[in-house]
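Geometric and topological summary
Listed below, chain by chain, are the residues.
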Amino acid sequence: MQPNRRCWLTAGFLFIALLSACKKKDQAGPQRPQANINDSIFSVFKDIYLWTDVIPDSATFKPESYASVQSMFSSLITMKKNNTNGQPLDRYSFIDDGTTSRALQGDILGDMGFEVGYQTDNTLYVIYVYPGSPADKAGIQRGWQLLSVNGNSSFQVGPATNNMLNAAFASKSATWVFRKPDNNTQTSTLAPAAYKLNPILYANTYNFNGTKVGYFVFNNFVALNDVKPTFDSLFNAWAQAGVTRVVADLRYNGGGLLETAEYLANNLAPASANNNVMYTQSFNNNVNTNNYSYIFRNMKAVPYNPNTYWTEIFRQESTTYRSTSFQKQGSLALTNLSFLVTNGTVSASELLYNVLKPSMNPHLIGGTTYGKPVGFINITFGQYDMYAVCFQTFNSAGEGNYFSGISPTINVTDDYTTNWGNLNDPLLRTALTDMGIPASQLGRMAATELNTNRIGVLRPNNRFQGMIQTLRN
């Protein structure tokens, strides 16, 4: 049986409006009067936007006629249409107030630290909890059913429940009642708090009659320095233990820094991939020919590279760093690799699969991914950070047009009632049997209450999704 709907409701406001974004870190000058800010943002947007050919000139578009930066930017990004259905293709670019950049670079969250989703139309379950968060300190775990929030116990897919839950997540304090898998209940009053983001939610090593399988759950591609020691230790232990098969769980991973995706690819890839192309980047003709407006030619990359002009950074990205190659790390030698994915698997997560596909053909278990093979460099204009799509990535086989998502090898629907590592989890169980582990070694599959029809995902605007490329020297 499969669930009818899956709706994610984020526990806090860290990931504000970064809808499916790939990013490279950038900045620019002081705040200007509204018309000047509009003109400047429009000019730079047209210079670097991947689909600049669909953007009219300034005299036609009249950026100064818009009352706000947000309204102007929304108009710009809806100009790129999907040829098949006429809908805007750009689901990714956005403007924010710097919250996204601060959160991603600092890796400090200030929320309750968990997320819930609809198992059925009227039942909600915890889908993950961040280590060290208020929810984690209260003992809350994936697989717990949410019974009530601030006394509200009636849930139904739709705006009313979503608004009620998001209001509770955004409040200074909220009282949550959960039912645990053992049918006991727990009441927890939680308040948002700052904690260090640890996106490695779970890791384990399974031994099935001598066949060693490594499994990890990874929820965000944060800065490499923050996760490398843990992953180094894990991969070294797996290599020493003789692990030959790995299941990487990216089902809710909205992406992040490409340096971390490259690191994982280099550890998971076969030795034969060493020095081969991992991925390439494609830019618009303005970038390729170094043809920019006066405004952009005179902008320096403050505060991160204050002595460098943005045009030089774009030139390096489109030439020197246009292609990234594998540099095999560690001694893992895998015979099987699978990724657990859903529509919440975005950008850097999709790229990780895509770059490994030519050399080792990993399997995707779950649902069709989000579909984001593009990225951006964020540039600051006073109080605004602009995230405009400016490059597209391709693997060594030239594959990189998965705007509608990447279809799974085996389609399996997520089940929120099982905790991480539970062999009743349908995605994990399917990945293991697909690797050749006999079902008889996985125990009996428990029945769960799920509906058979599914209509897709409702994603809140404040859940981070994207991939980010740090600037390279």
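Further up the page is the structure itself.
Predicted model only: the values in this text are computed from it and were never measured. (Residues numbered from 1 in each chain as written. Predicted model: local features only at pLDDT ≥ 70, side-chain atom pairs only at ≥ 80, totals over all residues. Heavy atoms only, no water.)

When you go through the chain residue by residue, the secondary structure sums to 13 helices and 25 strands. A burial count over the chain gives 57% of its 473 residues as buried. Contacts in the chain between residues at least 24 apart in sequence constitute 77% of all its contacts with a sequence separation of at least 6. In the structure as shown, the chain presents an accessible area of about 18,000 Å², 47% of it carried by carbon and sulfur atoms. (Helix = DSSP H or I, 4+ residues; strand = E, 2+ residues; numbered from the N terminus. Buried < 20%, exposed > 50% of the residue type's maximum accessible area, 1.4 Å probe, protein only. Contact = heavy atoms within 4.5 Å. Areas by Shrake-Rupley, 256 points an atom, 1.4 Å probe, with all protein chains shown as cover.)

We now examine unusual backbone geometry. Positive phi values are uncommon outside glycine, yet Lys62 reaches one of about 55°. Residue position: Lys62 is located in the loop between α2 (58-61) and α3 (69-77). Its identity is not glycine, yet Asn275 carries a phi of approximately 75°, on the positive side. Looking at the element boundaries, Asn275 is found in the loop between α8 (258-268) and β15 (277-282).

This part covers the packing of α8 against helix α12 (residues 348-360). Packing of α8 against α12 brings their axes to within 10 Å, and their N-to-C directions diverge by 30°. Considered as vectors, α8 and α12 are oriented roughly parallel to each other. Pair α8 / α12 crosses with right-handed handedness. Of the residues in α12, those in contact with Leu258, Ala261, Leu264, Ala265 and Leu268 of α8 are Ala348, Leu351, Leu352, Val355, Leu356 and Met360. Among the residues forming the contact of α8 with α12, the class breakdown is eleven nonpolar, no polar and no charged. (Axes fitted to C-alpha atoms, helices over the stretch in contact; angles between N-to-C directions. Parallel < 35°, antiparallel > 145°, perpendicular 65-115°, else oblique. Left-handed = near helix turned anticlockwise from the far one by under 90°. Nonpolar A, V, L, I, M, F, W, Y, C, P; charged D, E, K, R; others polar.)

What follows covers α3. For α3, the set of buried residues is Val69, Met72, Phe73, Leu76 and Ile77. The arc enclosing the buried residues of α3, seen along the axis, measures out at 125°, which places them on a common side. As for α3, its buried residues are in contact with α1 (34-48), α2, β3 (94-96) and β22 (384-395). (Arc of directions from axis to C-beta.)

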